[in-house]
Amino acid sequence: LLSEEGHDDDVIDAVFARMPRDNFLRSRPEQIAWQANALRDVAAGETVVRARQLGGSGYEVLVHAPDRDGLFAAIVIGLDRAGLAILQARALDGPDATIFDTFHVLPNDPRHAPAPAQIEAGLQRVLAGDLGRVLPARRSQPRHLRHFRIVPQVGFAEAEAGRTLVSIVCNDRPGLLADIARVLREQRLRVHDARIATFGERAEDLFQISDEHDRPLPDPQRQSLRDALLAALDGDPR
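Residues numbered from 1 in each chain as written. Predicted model: local features only at pLDDT ≥ 70, side-chain atom pairs only at ≥ 80, totals over all residues. Heavy atoms only, no water.

Bringing the packing of aromatic side chains into the picture now. Per the counting criterion, the structure on display carries two aromatic pairs. Summarising the aromatic geometry, the rings of F72 and F207 are spaced 6.2 Å apart at their centres and angled 75 degrees between planes, so their arrangement reads as edge-to-face. Of this pair, F72 sits in helix α4 (residues 71-81) while F207 sits in strand β8 (residues 202-211), and the two are 135 residues apart along the sequence. A single burial state applies to F72 and to F207, both of which are buried. In this structure, R52 is placed above the aromatic ring of W34, and the distance from its NZ or CZ to the ring centre is 4.4 Å. (Phe/Tyr/Trp six-rings, centres within 6.5 Å; stacked < 30°, edge-to-face > 60°. Helix = DSSP H or I, 4+ residues; strand = E, 2+ residues; numbered from the N terminus. Buried < 20%, exposed > 50% of the residue type's maximum accessible area, 1.4 Å probe, protein only. Lys NZ or Arg CZ within 6 Å of the ring centre and 35° of its normal.)

Structure below.
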């Protein structure tokens with residue numbers, strides 16, 4: 001696809017080298033070509049934020065940037081504050097201490113759907129500031145979800161590369177991922193991989209995480225994280 005657009009092999013290889021290997025397993029060829037074009041004219045080490053319209057009213061959002069603590073939470077909360085509901089997300093570690101995150105989002109109010117350029121500019125502003133000051137919006141839990149409640153479940157397992165796998169099953173609701181990301185940030189944890197999926201009113205999320213020193217979580221820290229997540233998932237958020 002990129003060759004057909006006129007890019008030579010050296011340019012394509014250089015751009016592909018900035019992507020995580022797992023991205024080639026999880027993304028479609030057309031998606032990878034779009035991502036490559038987003039990275040092509042941006043120097044290594046710079047923050048890339050790109051958005052594009054998908055079929056219907058959805059968008060795909062790509063963020064590629066130098067990694068730093070609290071970055072995943074800031075991205076997720078920034079999208080939430082922009083009025084975008086996250087349907088799917090993939091957060092990957094990229095080469096040279098970078099992140100490579102993609103999101104499928106929908107506007108909460110289709111009547112006021114932003115243009116892709118507005119999404120890009122808003123998220124760039126969020127990431128250019130103090131990430132610790134990016135906080136989730138306060139909101140009440142939708143009333144209908146209180147009557148179709150899934151008991152939240154938080155599980156742990158060992159993951160590769162000395163990381164900890166956290167699985168979360170609960171009711172989906174506005175701002176859910178933003179609240180989860182806030183907890184991870186407050187617990188000073190790093191997100192190395194994330195797979196976010198929603199099935200109707202059910203959310204099933206997986207995170208590969210470590211502590212701030214890139215070590216797996218011991219049992220006391222797992223229990224602390226479980227308690228904090230359940231508090232955020234159960235009942236009205238704050």
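Pairing is antiparallel across the open sheet formed by eight strands, whose spatial order is β1-β2-β4-β3-β7-β8-β6-β5. Each edge of the open sheet carries a strand with a single partner, namely β1 (48-53) and β5 (153-158). Across the sheet, the axes of successive neighbouring strands diverge by a mean angle of 20 degrees, strand direction being ignored. When strand β3 (residues 84-94) meets strand β4 (residues 98-107), the two strands line up antiparallel, connected through 10 bridges. Residue L92 lies in a different strand from β4, and its bridge partner there is F100. (Pairing = 2+ DSSP bridges. Axes fitted to C-alpha atoms, helices over the stretch in contact; angles between N-to-C directions.)

In terms of nonpolar packing, the biggest core is built from 50 residues, with L79, F103, F207 and L225 touching the most fellow members. L2, I12, A33 and F100 belong to the second largest nonpolar core, which has 14 residues in total. (Core = buried A, V, L, I, M, F, W, Y, C linked by side-chain atoms within 4.5 Å.)

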